[in-house]
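# Structure at a glance
Here is how the chains run, residue by residue.
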Amino acid sequence: MTTNSSPQLWLYDTTLRDGTQREGLSVSIEDKLRIARRLDQLGIPFIEGGWPGANPKDVQFFWQLQEDPLKQAEIVAFCSTRRPNSTAATEPMLQDILAAGTRWVTIFGKSWDLHVTTGLKTTLEENLAMIRDTIEYLRSQGRRIIYDAEHWFDGYKHNRDYALQTLEVAIAAGAEWLVLCDTNGGTLPHEISQIVQDVVEVTGKLGTGDWELGSRKESSQSPIPNPQFPMPQIGIHTHNDSEMAVANAIAAVMAGVKMVQGTINGYGERCGNANLCSLIPNLQLKAGYSCITEDQLTQLTEASRFVSEVVNLAPDEHAPFVGRSAFAHKGGIHVSAVERNPLTYEHIQPEQVGNRRRIVISEQSGLSNVLAKARSFGIELDQQKAEAREILQRLKDLESEGFQFEAAEASFVLLMHEALGGRQKFFEVKGFQVHCDLIEGKETSNALATVKVAVDGKNILEAAEGNGPVAALDAALRKALVNFYPQIATFDLTDYKVRILDGHTGTAAKTRVLVESGNGRQRWTTVGVSNNILAASYQAVVEGLEYGLLLHSQASAALKASS
């Protein structure tokens, strides 16, 4: 828990630059702007927007933010030092940086002598000149500098003296932040602690007057008033190649760094970057640092899922803190204990990060699971009555046949209503037929489904086409029912998953189908199991429509009761 006296940590998000280097992740200008504004709302003080001049998308991104700035965050431009044997004043890429119009600029330079001689193919002295010249030039143009010491930890381990020299040059040239980068992601936490402590000690001596830092004119509009920060300040930037990015960042904070760089959901090249969705709650709720406000912290789960949606990647359901399963309880003993006191199996309150507790229903469930799950859907069961134990037994019987209700809560709700004798019969399917045409030489196939349903005693026969049998069946059902239930027009089938349960039986294997449906505001999942994949799909699709109608009926009843 943070207090007014909690030490301040500065967060630096690089989702829009480093995060987009993840394989399979691509964003438009509009996507970048939406994410930047969401991060601004979350309270992130520094947001790295990209490398102006590297591509037209980043140029336009910075132009648009000049026209419509963020509310509180500093948008930061990113760039390398100038090229060898040139001058910063004549370097075209630095002119693009200036044109971006940001107050803060992050410059990365080489810390590892191997990269200087092999990658840049220049001398160690010229690399120092590149760092000095680039920072001094940008400072002369009124920019404030964050210096990212690339490959810092590898460079330190191979040539400590030279690595420290690069920092000394950056300080003398006017850098206000020195960010130590574990670019290859191969350093372990104990090494991070030792090296950061050494850097803090060395740079602390430089900041006391043993090193001439030069005069600085600070902007009163900056979110970081210079008097708060004895120069220089140290930051950390870690990658996850050894599954240590979050641990390494925390180790660096404990060793004295004041800025933590990372990305939302840990997106990044190769194995990713330090995950801010784990770092922020760990540092704020457990280590006692002040990162963002408590209200902003409650937005973390939503922000994580928002970014996943924008970049079109499925959320990690098992992610710490923000994952759907982060506070999910499945074992009956666990559920019983959590119902009495959540501290028994939860390390924080889910609501602190905007998440929620979930009780998972499966064959491992006890009566406590059923009672808690029913309560979450507004159904009060009496554990002394037979209905509760009948539901539990029915659940276990169905799961033994291959059903999976932990991933299909809507089907479980319908099962409970049926056991209690209160399942509404919106419609009854009398039967269906599906016919498929597959023409040799054509990549696509056509399917025709015919369904017969009864609504209020009236039989309806309808047919519809689709690009496959499930699509045709779904279309035919909707066509038959929409005149009776117009709200069905707002339902969408958003996901369809098939799992073979006993593959050793070949094409006769039992199949489980999960169908996710939505109405623009809510999503729900239903399940079907059968040796016939169409029959399994039929079960899931029909229950998806039925549950959507149940939600609409409940919403209408609540609205009527409140008016």
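The present account deals with the structure reproduced in this document. (Residues numbered from 1 in each chain as written. Predicted model: local features only at pLDDT ≥ 70, side-chain atom pairs only at ≥ 80, totals over all residues. Heavy atoms only, no water.)

### Thoughts on the packing of helix 1 (residues 29-42) against helix 12 (residues 300-310)
Between two packed helices, the angle of one axis relative to the other and the distance separating the axes together describe the packing. Two elements in contact, helix 1 and helix 12, have axes whose closest approach is 10 Å; the angle formed by their N-to-C orientations is 175°. Taken together, the axes of helix 1 and helix 12 are roughly antiparallel relative to one another. Touching Asp31, Arg34, Ile35, Arg38 and Leu42 of helix 1 are Leu300, Glu302, Ala303, Phe306, Val307 and Val310, all from helix 12. (Axes fitted to C-alpha atoms, helices over the stretch in contact; angles between N-to-C directions. Helix = DSSP H or I, 4+ residues; strand = E, 2+ residues; numbered from the N terminus. Parallel < 35°, antiparallel > 145°, perpendicular 65-115°, else oblique. Contact = heavy atoms within 4.5 Å.)

### What to know about helix 5 (residues 124-140)
Within an α-helix, residues lying three or four positions from one another point in the same direction, as the helix has 3.6 residues per turn. Between its terminal C-alpha atoms helix 5 stretches 25 Å, which fits the 24 Å expected from 17 residues at 1.5 Å a residue. Residues of helix 5 that are buried: Glu126, Asn127, Leu128, Met130, Ile131, Thr134, Ile135, Tyr137, Leu138 and Arg139. On its buried side, helix 5 packs onto strand 3 (74-80), helix 3 (92-99), strand 4 (104-110), helix 4 (113-119), strand 5 (144-150) and helix 7 (160-173). Gly142 sits one or two positions beyond helix 5 and adopts a positive phi of about 85°. (Expected span 1.5 Å × (residues − 1). Buried < 20%, exposed > 50% of the residue type's maximum accessible area, 1.4 Å probe, protein only.)

### Some details on empty space enclosed by the protein
Taken as a whole, this structure holds three cavities of 30 Å³ or more when the rule is applied. In this structure, the largest cavity spans a volume of roughly 70 Å³. Forming the boundary of the largest cavity are Asp474, Arg478, Phe491, Asp492, Leu493, Val515, Ser517, Ala540, Val541, Gly544 and Leu545. Secondary structure elements with two or more residues in the lining of the largest cavity: helix 17 (469-481), strand 14 (492-500), strand 15 (511-518) and helix 18 (533-562). Taken together, the residues of the lining of the largest cavity sort by class into six nonpolar, two polar and three charged. (1 Å grid on protein atoms, 1.4 Å probe; cavity = no way out; pocket = protein on both sides within 12 Å on 5 of 7 lines; lining within 4 Å. Points joined across faces, edges and corners; volume = space filled by probe spheres on them. Nonpolar A, V, L, I, M, F, W, Y, C, P; charged D, E, K, R; others polar.)

### Digging into the layout of surface pockets
In this structure, the largest pocket occupies an estimated 1700 Å³ of space. Lining the largest pocket are 45 residues, and of these Glu317, Arg324, Glu516, Arg523 and Thr525 lie nearest its centre. At the level of secondary structure, the elements contributing two or more residues to the lining of the largest pocket comprise helix 12, helix 16 (409-419), strand 14, strand 15, strand 16 (523-530) and helix 18. Looking at the lining of the largest pocket, the element that brings in the most residues is helix 12, giving six residues.

### Looking at the pairing of strand 6 (residues 177-182)
Extensive coverage of strand 6 is indicated by the burial of six of its six residues. Alternating positions in strand 6 separate into two faces, Trp177, Val179 and Cys181 on one and Leu178, Leu180 and Asp182 on the other, with burial throughout. Pairing of strand 5 with strand 6 involves four bridges; the strand directions are parallel. Paired with Tyr147 across the two strands is Leu178, which belongs to strand 6. Pairing of strand 6 with strand 7 (residues 233-238), which is carried by six bridges, proceeds in the parallel orientation. Opposite Trp177, over in strand 7, you have Gln233 as the bridge partner. (Pairing = 2+ DSSP bridges.)

### Concerning the pattern of salt bridges
Enumeration over the complete set of coordinates arrives at 26 salt bridges. For the salt bridge of Lys430 with Glu428, the shortest nitrogen-to-oxygen distance reads 3.9 Å. One salt-bridge network, in which partners are shared between bridges, spans Glu418, Arg423, Glu543 and Glu546. (Salt bridge = Lys/Arg side-chain N within 4 Å of Asp/Glu carboxyl O.)

### Some thoughts on the environment of His329
Looking at the secondary structure, you find His329 in strand 9 (residues 328-329). The class of His329 is buried, set by a relative accessible area of 5%. It is 8.4 Å that separates the C-alpha atoms of His329 and Asn369, two residues lying 40 residues apart in sequence. Beyond its immediate sequence surroundings of up to four residues, His329 is in contact with Val335, Val338, Tyr345, Glu346, Arg357, Arg358, Ile359, Val360 and Asn369. A polar contact of 2.8 Å, which involves the side chain of His329, links it to the side chain of Glu346. (Polar contact = N/O pair within 3.5 Å; in protein donor to acceptor, adjacent residues only side chain to side chain.)

### So, the sheet that holds strand 14
A sheet is described by the order of its strands in space; here three strands give the open sequence 14-15-16, paired in antiparallel fashion. Here the strands that pair on one side only, and so sit at the sheet edges, are strand 14 and strand 16. Between one strand axis and the next, the sheet turns through 20° on average, direction left out of account. Note that strand 15 and strand 16 share eight bridges and pair antiparallel.

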